[in-house]
Every structure is written in C-alpha cells, then in structure tokens.
Amino acid sequence: MSVSTASAATAVRRFDGRPETARSDAPTLARARHPWRWVGSGVALLLVAQFAHGLITNPGWDWPTFGQYFTASSVLAALRVTLELTVWGTVLGFLLGGALAVARLSNNPVLRVISWVYVWAFRSIPLIVQLLFWFNIAYLYRRLSIGIPFGPAFYEFPVNEVLSGFTAAVIGLALHQAAYSAEIIRAGFLSVDPGQLEAAAALGLPRMRQFRTIVLPQAMRSILPNASNEVISLFKGTSIVSVMAIAELFYQVQVVYGRNGRVVPLLMVATVWYILLTTVLSVVQHYIERHYAKGAHRTPPPTPLQRIGIRFQEIAVIATGPRGGTR
C-alpha cells in the first residue's frame, strides 16, 4: 500500500502492533509561546547596543591612541616575552606535573608522600610570593655547585650570572603550574576503568602499549578541558611577573602609560591582545578535543564553522518550506 505524506490518513501502528489509520480530526499540538523570553532578549540586546554605542562615541576610550600602540614594536616585543613565558611554563609545568601524577599513583609510599607534599605546598603559596622568592634566591644561595651530595664539588658558579629575571619567572611559573597539572593528570588517569587494563594484561599486551592505546586516549578526554583552562590561566597570569620588572605585555603597557598618561587606551591594548590570544588557544583546544573524541563518538562533533553551516541550512529549509509529498 502506498501512503502519501500529504494525505490526511497516515498509516500508524497501535500499541498491539497492528496498523490503523490516523483520523483526520486528530488534535494538533499548539506551539508553546514564551513572551518573556523575547522581552529578556530585547532588554539584553538593548544593553549590548548601549555598551557598543559608548565604546564608539565616548572620547575617553581614545581609540586613535589605541591604534597607535596596538602594533607598536615595543608592545609586540613584550607580547613575544609573554608567549615565551607561557610556552616554557606550560611545557615544563606539565612535564613535571606528569611525573608527580605518576609518583602519586605509584605503589611506592615515599614517592606518594613526596608528590603529595609538593602539590600541597605549591598550591598553598600564592604565585606572586613564589616568583619573588625565586627572583631573590641569590640572597640565600650566592653560589651553586655540582658534585657529590655532601661531598666535594666539581663545578661552582654564581647564581646571579645564571638565574636571570626571565629564568626565575619561568621556574616560578613552571613549579606553580606543575602542582595543578599533577592533579589534572592524576584525575584523568583515574577516570579510566581499571577493568580495561586488567583485560589488556590478560591478553598479554605490554604495559607501554596499554598506556599508549588504552589509558592515554581515554584520559586525554578528561585532562584536556581542565588542562586548557590552566594554560589560558597561565597565559593571563604571566602579567604578575611585572612585579619582577620583566618586560612582558602588561609591564610594557604600564611603562608606556606612565610616560604619556593615556591609561585607558593602553590598558585596552593589553586587553585586546589577551582576548585575541585566548581565543586562539580556545580554538586549538576545540580541535584537540575533537581529535580525542573520535574514540567516544562514531562521528566527531562538528566544528564551529560546520555548526554555522548546519544552522544556515536549517534556516534555508524552513524558508523554502516543504517540497511536496513523496511516494
């Protein structure tokens, strides 16, 4: 029997499985109306429009000064220092954090205690205190030596010649980041079902292969969102090294508006750069998460551009309407 979708009588099935014909006088569902939702949307759009109008018309923002310094050579050089601090702090922090996470999960009680104490200590001390401590480490240790512990030294060197302000900032950021990274990585490892490892061991898979093919892909799905937040926080947190007179982005902006007195537009220069680079990091995070989602989803989730394309297709279908029945 051929059935037309445009027909009023459509073949359906009752609860007992036998087909019956739907009546033409069946009730139609009324669409729910949400008037207050539209009122709230209108108020929100009005506030956004007022804020945008103030950004454009308020002379206090001083957009010509903003444009003058946004791509200035001194600002770009400071931005490069900020990125270098972020990269070094992230790489060293997550490497050390991974080692701490493994030590925390090991069967060795000594390693577990040392790892726990490290995480407890570095999460308890504010970052600015850690940075200032490493910046002034020469007051405690004027010379460092390499040799046998509690024995003769083979090589000595003065701390001030090796530990510059940039190096002290990297050490402080990396050690601080490692404490948080260790807990993120440890939580990711614990999220993997131990029964899978037992099954892999029963099949005779080597431990390294178990980690590479079973533990890591699943743990990364739990690690990545929190790890990405930590990287973004570290990128913005590099502004705190301005207390060490390191010429990163925020410090350089302070130097410039200290000379010309244009505080607001120079702060906007730093703000816009932070927003742009944070957006780039968020996009990178999305694609990395999409890569590791392949094991959990048969089809990877759509990218933002694909979502926009799908939305436009839905709007086009609604605008054109149905094209008639099919047989």
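Residues numbered from 1 in each chain as written. Predicted model: local features only at pLDDT ≥ 70, side-chain atom pairs only at ≥ 80, totals over all residues. Heavy atoms only, no water.

Explain the UniProt feature "transmembrane region" (unreviewed entry) in the protein chain residue by residue, including any values.
Residues annotated in UniProt with the feature "transmembrane region" (unreviewed entry) correspond here to residues 38-56, 85-105, 117-142, 162-180, 231-251 and 263-284. Within the segment residues 162-180, helix and strand shares are 89% and 0% respectively, and the terminal C-alpha atoms sit 27 Å apart. The span residues 263-284 shows a helical share of 100% and a strand share of 0%, and its end C-alpha atoms are spaced 32 Å apart. (UniProt positions renumbered as here; feature names shortened; annotations may be inferred. Helix = DSSP H or I, 4+ residues; strand = E, 2+ residues; numbered from the N terminus.)

With reference to specific residues and values, describe the packing of aromatic side chains.
Under the counting rule described, the total for this entry stands at 8 aromatic pairs. Aromatic pair Trp61 and Trp63: ring centres 6.2 Å apart, planes at 15 degrees, arrangement stacked. According to the relative accessible area criterion, Trp63 is partly exposed, its value standing at 29%. With 5.7 Å between their ring centres and 80 degrees between their planes, Phe133 and Trp134 make a pair best called edge-to-face. Look at Phe133 and you get partly exposed, because its relative accessible area is 42%. In this structure Trp134 comes out as partly exposed when scored by relative accessible area, which is 22%. Grouping aromatic residues by their ring pairs yields a cluster made of Trp61, Trp63, Phe66, Phe70 and Trp273. (Phe/Tyr/Trp six-rings, centres within 6.5 Å; stacked < 30°, edge-to-face > 60°. Buried < 20%, exposed > 50% of the residue type's maximum accessible area, 1.4 Å probe, protein only.)

Quick one: what's the story with the pattern of salt bridges, residue by residue and with numbers?
For the coordinates displayed, the defined rule picks out 4 salt bridges. Between Arg262 and Asp62 there is a salt bridge, with the nearest N and O atoms lying 3.4 Å from each other. Residue Arg262 is found in the loop between helix H10 (249-260) and helix H11 (263-292), and its partner Asp62 is found in the loop between helix H1 (35-57) and helix H2 (63-70); the two are separated by 200 residues along the sequence. Take Asp62: its relative accessible area is 14%, and that puts it in the buried class. For Arg186, the salt bridge is made with Glu183, and the minimal N-O distance between the two is 3.0 Å. Here the residue Arg186 and the residue Glu183 both occupy positions in helix H7 (residues 165-190), the gap between them amounting to 3 residues, near one helical turn. The burial state of Arg186 is the same as that of Glu183; both residues are buried. (Salt bridge = Lys/Arg side-chain N within 4 Å of Asp/Glu carboxyl O.)

Account for the environment of Tyr180, with residues named and values stated.
Considering the arrangement of structural elements, one finds Tyr180 in helix H7. In the structure, Tyr180 is positioned 83 residues away from Gly97 in sequence and 7.4 Å away in space, judged by C-alpha atoms. If we skip the residues at most four places from it in the chain, Tyr180 touches Arg123 and Glu230. (Contact = heavy atoms within 4.5 Å.)

Describe a nonpolar patch on the surface, listing the residues and the values that go with them.
Together, Val87, Trp88, Val91, Leu92 and Leu95 line one region of the surface with nonpolar side chains, adding up to about 480 Å² of accessible area. With respect to the element layout, Leu95 can be found in helix H3 (residues 73-105). Its relative accessible area of 59% is what places Leu95 among the exposed residues. (Patch = residues over 30% accessible without salt bridge, like charges linked within 9 Å, V, L, I, M, F, W, Y side chains within 5 Å. Areas by Shrake-Rupley, 256 points an atom, 1.4 Å probe, with all protein chains shown as cover.)

Explain unusual backbone geometry to me, using residue names and the numbers behind them.
The backbone of Asp62 shows a phi angle near 55 degrees, a positive value even though the residue is not glycine. Positive phi, close to 60 degrees, is recorded for Ala245, a residue that is not glycine. Checked against the element boundaries, Ala245 lands in the loop between helix H9 (207-237) and H10.

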